[in-house]
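Commentary on secondary and tertiary structure
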Amino acid sequence: MKADYIYLADNDNATCIIEKKEIIKNRFNNIDWKTIIVVCKEIESWYYAGLTEEEFKKLGIEKPGKYKNTDNLIKEQFNRSIPKNFNSRVDFMIEVLKAYNLNTVINKQSNKSLLYFIGKYQIN
C-alpha cells in the first residue's frame, strides 16, 4: 500500500462504502482517499472472526457456534456477548486480541470484509 496509515471505519448507517468514504474525507481534509478502509458492517465483527471455538470457550463466550460467520455481527451483539467476569469492554477486547489468529480468519472464511482487507493489503 505504501502508506503511513490506514484509516479504518465502520460502515454504520451509510448507504454504501463510497458515501462513508466521502463523509470521512469531508471530516478530515488531508486524508488520502486510498487509505480509507470501510469495514462492512462493524469492526467488532472482525474480533470474533479470528477466534477458534476453543478460544471462544476459554474466554467464556456463550454459544460460540453462532459466530462461525461474523459478517452480520453488530456492536450491540458483541457487547452483549462479553462475559460478566471482564471489568470492561476494553479488557475483553485485549484478551480477544491475545488469542487472535489471522490463519483462523482465513481457514474459517468467517468475515468477507476482513478477508478482503487481508488479501488486498497482503497481511499475514
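Thresholds, definitions, all that
Residues numbered from 1 in each chain as written. Predicted model: local features only at pLDDT ≥ 70, side-chain atom pairs only at ≥ 80, totals over all residues. Heavy atoms only, no water. Helix = DSSP H or I, 4+ residues; strand = E, 2+ residues; numbered from the N terminus. Rg over C-alpha atoms; globule rule 2.2 N^0.38 Å. Buried < 20%, exposed > 50% of the residue type's maximum accessible area, 1.4 Å probe, protein only. Contact = heavy atoms within 4.5 Å. Areas by Shrake-Rupley, 256 points an atom, 1.4 Å probe, with all protein chains shown as cover. Lys, Arg positive; Asp, Glu negative; His and termini not counted. Charge placed at Lys NZ, Arg CZ, Asp CG, Glu CD. Salt bridge = Lys/Arg side-chain N within 4 Å of Asp/Glu carboxyl O. Pairing = 2+ DSSP bridges. Right-handed = clockwise from strand over helix to strand, strands pointing away. Core = buried A, V, L, I, M, F, W, Y, C linked by side-chain atoms within 4.5 Å. Phe/Tyr/Trp six-rings, centres within 6.5 Å; stacked < 30°, edge-to-face > 60°.

To continue, consider the overall build of the protein. A tally of regular secondary structure across the protein gives seven helices and two strands. Since a compact globule built from 124 residues should have a radius of gyration of about 14 Å, the 15 Å found for the protein is in line with a globular shape. Residues counted as buried form 40% of the 124 residues belonging to the protein. Considering only contacts in the protein between residues 6 or more positions apart, those separated by 24 or more positions represent 61%. Here the protein has roughly 8,000 Å² of accessible surface; of this, 49% comes from carbon and sulfur atoms. Each charge class in the protein was averaged separately, 20 positive and 16 negative side chains, and the resulting centres sit 3 Å apart.

A few words now on the pattern of salt bridges. Tallied over the full model, the rule gives seven salt bridges. The partner of Glu42 in a salt bridge is Lys75, with the nearest N and O atoms 3.4 Å apart. With Glu42 in the loop between strand E2 (36-39) and helix H2 (44-49) and Lys75 in helix H4 (residues 75-81), this residue pair connects regions lying 33 residues apart in the sequence. By relative accessible area, Glu42 is classed as buried at 12%. The residue Glu53 makes a salt bridge to Lys57 at a minimum N-O spacing of 3.9 Å. Highlighted residues: Glu53 and Lys57, both in helix H3 (residues 53-59), separated by four residues, approximately one helical turn. Residues joined in a network through salt bridges with shared partners are Asp10, Glu42, Glu44, Lys75 and Arg89.

Below, the discussion takes up the pairing of strand E1 (residues 7-10). Across four bridges, E1 lies against E2 in parallel orientation. Paired with Asp10 across the strands is Val39, a residue of E2. Viewed along the sheet, the connection from E1 through helix H1 (residues 17-27) into E2 turns out right-handed.

Further remarks concern the nonpolar core. Formed by 15 residues in total, the largest nonpolar core has its most connected members in Tyr48, Leu51, Ile61, Phe78 and Phe92. Every element with two or more residues in this core is listed here: H2, H3 and helix H5 (89-99). Not counting residues within four places of it along the chain, the set of residues in contact with Leu51 comprises Phe56, Leu59, Ile61, Val96, Ala99, Tyr100, Thr104 and Lys108. Among the nonpolar cores identified, the runner-up in size contains nine residues, and Ile37, Val39, Trp46 and Ile118 belong to it.

So, on to the packing of aromatic side chains. If you walk through the whole model with that rule in mind, you get 10 aromatic pairs. Summarising the aromatic geometry, the rings of Tyr48 and Phe56 are spaced 5.2 Å apart at their centres and angled 75 degrees between planes, so their arrangement reads as edge-to-face. By relative accessible area, Tyr48 is classed as buried at 0%. The buried category is assigned to Phe56, whose relative accessible area is 1%. Chaining the aromatic ring pairs together yields one cluster made of Tyr47, Tyr48, Phe56, Tyr67, Phe78, Phe86 and Phe92.

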